[in-house]
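# Examination of the molecular architecture
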Number of protein chains: 2
Amino acid sequence: MDMTVSPDQPGDNPNCRRVSAVLSRLGDKWTILAVTMLVERPRRFNELKRLIGGISQQMLTRTLKSLEQDGMVLRKVYPTIPPKVEYSLTTMGQSLSEPLLQLASWVLKNIEQIESKRASLKIHNDEIF
Amino acid sequence: MDMTVSPDQPGDNPNCRRVSAVLSRLGDKWTILAVTMLVERPRRFNELKRLIGGISQQMLTRTLKSLEQDGMVLRKVYPTIPPKVEYSLTTMGQSLSEPLLQLASWVLKNIEQIESKRASLKIHNDEIF
DNA sequence: CGGTATCCTAGATGATACTG
DNA sequence: CAGTATCATCTAGGATACCG
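Attention in this report is confined to the structure presented alongside it. (Residues numbered from 1 in each chain as written. Chains lettered and ligands numbered in written order. Predicted model: local features only at pLDDT ≥ 70, side-chain atom pairs only at ≥ 80, totals over all residues. Heavy atoms only, no water.)

All right, on to the protein's contact with DNA strand C then. With respect to spatial proximity, 20 residues lie near DNA strand C, and among them Arg62(A), Gln58(B), Lys65(B), Arg75(B) and Tyr87(B) are the closest. Sugar and phosphate atoms form 58% of the subset of DNA strand C atoms that lie within 4 Å of the protein. Here a base oxygen of DNA strand C and a side-chain polar atom of Gln58(B) are 2.5 Å apart. For the surface near DNA strand C, the secondary-structure elements that each account for two or more residues are helix H4 (57-69) of chain A together with helix H3 (45-52), helix H4 (57-69) and strand S3 (84-89) of chain B. Of the residues forming the surface near DNA strand C, the biggest block, four residues, is contributed by H4(B). Here the surface near DNA strand C is composed, by residue class, of eight nonpolar, six polar and six charged. (Near = heavy atom within 4 Å. Polar contact = N/O pair within 3.5 Å; in protein donor to acceptor, adjacent residues only side chain to side chain. Helix = DSSP H or I, 4+ residues; strand = E, 2+ residues; numbered from the N terminus. Nonpolar A, V, L, I, M, F, W, Y, C, P; charged D, E, K, R; others polar.)

This brings us to the interface of chain B and chain A. Residue-level contacts link 61 residues of chain B with 61 residues of chain A. Buried surface at the junction of chain B and chain A, summed over both partners, amounts to about 5400 Å²; 67% is from carbon and sulfur atoms. At the junction of chain B and chain A, the tally comes to four salt bridges. Taking the shortest distance from any N to any O, the salt bridge between Arg18(B) and Glu112(A) comes out at 4.0 Å. Broken down by class, the residue content of the side of chain B that touches chain A amounts to 27 nonpolar, 16 polar and 18 charged. (Contact = heavy atoms within 4.5 Å. Buried area = accessible area lost by both parts, 1.4 Å probe. Salt bridge = Lys/Arg side-chain N within 4 Å of Asp/Glu carboxyl O.)

Surrounding DNA strand D, one finds 21 residues, the nearest of these being Gln57(A), Gln58(A), Arg75(A), Tyr87(A) and Lys29(B). Within the backbone of Pro83(A), one N or O atom sits 3.4 Å away from a sugar or linking oxygen of DNA strand D. At the level of elements, helix H3 (45-52), H4 and strand S3 (84-89) of chain A together with H4 of chain B are the ones that each hand at least two residues to the surface near DNA strand D. Tallying contributions element by element places H4(A) first for the surface near DNA strand D, with four residues. In terms of residue class, the surface near DNA strand D is built from eight nonpolar, six polar and seven charged.

Rotating chain B by 180° and translating it 0.0 Å along the rotation axis places it on chain A, where the RMSD comes to 0.1 Å. The superposition of one copy onto the other is thereby described by a two-fold rotation axis. Distance from the rotation axis, computed per C-alpha, reaches its smallest value in chain B at Gly27(B): 1.9 Å. (Least-squares fit on C-alpha atoms with pLDDT ≥ 70 in both.)

What follows concerns unusual backbone geometry. A cis amide bond, omega 0°, links Ile81(A) with the succeeding residue Pro82(A). When you line up the elements, Pro82(A) lands in the loop between strand S2 (73-78) and S3.

Right, let's get into the packing of H3(A) against H4(A). Helix-helix packing: each pair is described by the crossing angle between the helix axes and the interaxial distance. Residue and element names in this part refer to chain A. With their axes 11 Å apart at the nearest point, H3 and H4 run at an angle of 110° to one another. With respect to H4, the axis of H3 lies roughly perpendicular. Both H3 and H4 take part in a crossing whose hand is right-handed. Contacts between H3 and H4 pair Phe-45, Leu-48, Lys-49 and Ile-52 from the former with Gln-57, Leu-60, Thr-61 and Leu-64 from the latter. (Axes fitted to C-alpha atoms, helices over the stretch in contact; angles between N-to-C directions. Parallel < 35°, antiparallel > 145°, perpendicular 65-115°, else oblique. Left-handed = near helix turned anticlockwise from the far one by under 90°.)

Structure follows, in structure tokens:
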């Protein structure tokens, strides 16, 4: 599972792509947010929906299902009326949350700079066209 | 820029979505790999293409342009014949690479477990359908 | 060598309605 | 409450051809 790269190594790098496949799943529009919302404690479906904000019901369902299939999230159903479903992080999910929170923290520290850079480019383009 | 969440706080969370927007850009299919390939030293366009492997020319162009617009990557053109273009990480790009490499490292440590879990679910579904 | 331009498709996402 | 089902839209990404 070596991701180091010898200089100018030609051809494809299968390990890179296996890792990339997982990363691009983690990096979809909602996954990281969902995991973040589960760090503190288990949450119910609609609770997560409110916390995340702006996610459609369907996408929350899919996101949670993917996380469950990858072993990051545990789904527990309480057969009450009305039904209650609680989502929590597995051990692997908790360990994932550590680098994820570090990344989120980096984004928070740098988001002003990123957004202002994007904005300035936009203005520049607007001047040209 | 508070990402902490008071319990059951209703409504949308704009900060979450600003962060999410950046994260989902970072998490696309190629960005993280591209940044990783630039950590060691600057690289030329086709060098990156070879290192990443499997990326189309167009997507590499787009990925690098996005990173440049966000201030992560510096693009330096040497007006030689044939043309030579070198990409390197900016200071912000270097600082980004730290949490990114930690995340990549986490994936490497857990990828076997994730892939086997996915595979076992696939077998299970194949038995049903 | 390091790109653009164009076209195309699968999949991601959203909106809405319905259900146990 | 916690979903499914269905339909519509948008975009990421690939393939290919061309360019300075």
